Amino acid sequence: MLMRRPIGSAMLACVLGLFVVQQSLAQEPSLERASAEFGQGIQAFNLGQADEALRHWQAALAICQRIPSAEQERANCQKNIGVALEHLGRYEEAVASLKTAWETYQKIPDAELDCAGCQLNLGGVLKQMDRYEEALTSLSSALRIYQRVDGAERQQAHCYTKLGSVFERMARYEEALKNYRAALTMYGQMSNSNTNQA
């Protein structure tokens, strides 16, 4: 005589098996999941919630670190983590994160603008830390990159403004004035070109 197992226990085993499979799939790293965390970080940051943004960007980074092909996404997370840390006054950590992002961007083809943006952010953090010579190096590096890229006039002007403010803090007023004037000239050219296009 055959013993029949109750259908309920077989069904329960099947449901439990499905649950285990779903849980393991949910834990698999995916760029979509990382992108959702990254997007939530941006929204939190835009709402002035740097600590919440930091948590989301760290979660996105943790996912991207498990995906070998996600170099660009890892660098983007590191850069944004650095920006959030700066806003939270955690400058040493911000510097480390921005440097890591910059090193990663350097390995990625066609990531010059990302490298420049990282250097620009790094220069701002270093200025906050009164590490002026390092700030000048980072900001000058960003400016050199932006000068090689068509359409990056606004970023160049921003570099000149930041350079001017570092020189001002160093009491190097002639150099500060020179950079502020360069920024104003560039902003004026952009304004004129926008007027001519209209």
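To be clear, the structure that these remarks concern was listed above.
Reading the values: the criteria
Residues numbered from 1 in each chain as written. Predicted model: local features only at pLDDT ≥ 70, side-chain atom pairs only at ≥ 80, totals over all residues. Heavy atoms only, no water. Helix = DSSP H or I, 4+ residues; strand = E, 2+ residues; numbered from the N terminus. Contact = heavy atoms within 4.5 Å. Buried < 20%, exposed > 50% of the residue type's maximum accessible area, 1.4 Å probe, protein only. Disulfide = S-S within 2.5 Å. Axes fitted to C-alpha atoms, helices over the stretch in contact; angles between N-to-C directions. Parallel < 35°, antiparallel > 145°, perpendicular 65-115°, else oblique. Left-handed = near helix turned anticlockwise from the far one by under 90°. Nonpolar A, V, L, I, M, F, W, Y, C, P; charged D, E, K, R; others polar. Salt bridge = Lys/Arg side-chain N within 4 Å of Asp/Glu carboxyl O.

Colleague: What is the right way to look at the environment of E92 in this model?
Modeller: Take E92: it is sitting in helix 5 (residues 91-106). The spatial distance from the C-alpha of E92 to the C-alpha of M129 is 8.6 Å, given a sequence separation of 37 residues. Residues in contact with E92, not counting those within four places in the same chain, are M129 and R131.

Colleague: Mind showing me how you'd approach the environment of Y91 here?
Modeller: Secondary-structure assignment places Y91 in helix 5. Take Y91: its relative accessible area is 27%, and that puts it in the partly exposed class. Along the backbone, Y91 and Q128 are 37 residues apart, and their C-alpha atoms lie at a distance of 7.9 Å. Those residues in contact with Y91 that sit more than four places away from it in its chain are E86, V125, Q128 and M129.

Colleague: Can you help me understand the state of the cysteines in this one?
Modeller: Put plainly, two cysteines are in a disulfide when a covalent bond ties their sulfur atoms together. The final tally for this structure, using the stated rule, is zero disulfides. C64 takes part in no disulfide bond, and the closest cysteine sulfur, belonging to C77, lies 4.5 Å away. Given the relative accessible area of 2%, C64 is considered buried. The thiol sulfur of C115 is not disulfide-bonded, and the nearest other cysteine sulfur, from C118, lies at 7.2 Å. Judged by its relative accessible area of 9%, C115 falls in the buried class.

Colleague: Can you help me understand the packing of helix 7 (residues 132-147) against helix 8 (residues 153-169) in this one?
Modeller: Between helix 7 and helix 8, the shortest axis-to-axis distance is 9 Å and the interhelical angle comes to 160°. It follows that helix 7 is roughly antiparallel to helix 8 by the angle criterion. Of the two possible hands of crossing, helix 7 and helix 8 adopt the one that is left-handed. Contacts between helix 7 and helix 8 involve Y132, A135, L136, L139, S140, A142, L143, Y146 and Q147 on the former and, on the latter, Q155, Q156, C159, Y160, K162, L163, V166, F167 and R169. When the residues that make up the contact of helix 7 with helix 8 are grouped by side-chain class, the tally is twelve nonpolar, four polar and two charged.

Colleague: Explain the pattern of salt bridges to me, please; I cannot follow it from the model alone.
Modeller: Close approach of charged atoms allows side chains of opposite charge to pair. Inspection of the entire model under this criterion finds eight salt bridges. Two residues, E92 and R131, come together in a salt bridge whose shortest N-O distance is 3.4 Å. With a gap of 39 residues between them, E92 in helix 5 and R131 in the loop between helix 6 (112-128) and helix 7 connect regions that are remote in the sequence. The exposure class assigned to E92 is exposed, which follows from its relative accessible area of 53%. The closest approach of N and O atoms between E175 and R172, which form a salt bridge, is 2.7 Å. The class of E175 is partly exposed, set by a relative accessible area of 30%.

All we've got here are geometric facts, nothing functional implied.
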